[in-house]
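Results of the structural survey
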Amino acid sequence: MSDEFVEMGPIDYVVVEFPGNRMTGEGFPLLVDLVDRGLIRILDLMFVRKDADGSVAGLEIADLTGDGALDWAVFEGASSGLLGQDDIEEAGAALEPGNAAGILVYENLWAAPFATALRRGGAQLVASGRIPVPAVLAALEETDDERPPTA
């Protein structure tokens, strides 16, 4: 195992759908901030569009800079090679026709020292997952409803 691999943090991916291909750009500065603060490292960033007829196409970042509203050029070349055509098709299958999505693969740099220490000790990740925010809020609300009122 190479030293570079041993010192990596956990790798995650997200697929974010934009209804009607409408990207406001509100999250863009926050993503840049996460990178600038060294919390994450972007390995891949790709965009996918699903046309009304159901056809799916990957978009290069350069294709999104036409109107000048978003400066995606900072991420141009963010391609580790982890994403392939099968990933584009899978992301596209999750989209509603007429929508677009961003696929982001990133390393959690903030967790790298912890993950490295665990690997050095022989530990292996055997499960991982995410709990959607609406599910957490619903569970917390249910818990609050079940608690007896305090005097």
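Placed above this text is the structure.
Position labels on residues start from 1 in each chain and follow its written sequence. Per-residue local features of the predicted model are confined to residues with pLDDT of at least 70, and side-chain atom pairs are confined, for both listing and counting, to 80 or more; whole-chain, interface and lining totals are unaffected and use all residues. Water and hydrogen atoms play no part in the side-chain values, which are based on all heavy atoms of the structure.

Examining helix α4 (residues 112-120)
Accessibility here uses a 1.4 Å probe with only protein chains present; expressed as a share of the type maximum, an area under 20% marks a residue as buried, one over 50% as exposed, and anything in between as partly exposed. For helices the rule is a DSSP run of H or I covering at least 4 residues; for strands it is a run of E covering at least 2, with both sets numbered from the N terminus onward. Taken together, the buried positions of α4 are occupied by Ala112, Ala115 and Thr116. End-on view of α4: buried residues confined to an arc of 100°, all on one side of the axis. Facing away from the buried side of α4 by over 90 degrees, the exposed positions are Pro113 and Phe114. Gly122 occupies a position one or two residues after α4 and carries a positive phi of about 90°. Note that the arc is computed from the directions linking the helix axis to the C-beta atoms.

Regarding the sheet that holds strand β3 (residues 56-59)
Spatially, the 4 strands line up as an open sheet ordered β1-β4-β2-β3, and their pairing is antiparallel. The strands lining the two open edges of the sheet, one partner per strand, are β1 (11-18) and β3. Neighbour-to-neighbour, the strand axes of this sheet turn through a mean angle of 25°, independent of strand direction. The pairing of strand β2 (residues 40-50) with strand β4 (residues 100-108) spans 9 bridges and is antiparallel. For Val48, the partnering residue across the bridge sits in β4 and is Ala101. Strand pairing follows a simple DSSP-based rule, namely that at least 2 bridges must link the two strands. Orientation is described by axes fitted as lines to C-alpha atoms, over the contacting stretch for helices, and by angles from 0 to 180 degrees between their N-to-C directions.

Here's the deal with the pattern of salt bridges
The rule for a salt bridge is simple: a side-chain nitrogen of Lys or Arg has to be within 4 Å of a carboxyl oxygen of Asp or Glu. Summed over the entire model, instances satisfying the criterion amount to 4 salt bridges. Across the pair Glu107 and Arg41 runs a salt bridge whose closest N-O atoms are separated by 2.6 Å. One end of the pair, Glu107, is in strand β4; the other, Arg41, is in strand β2, and 66 residues separate them in sequence. Residue class for Arg41 comes out partly exposed when judged on its relative accessible area of 33%. Notably, a salt bridge pairs Asp51 with Arg49, separated by 3.0 Å at the nearest N-O pair.

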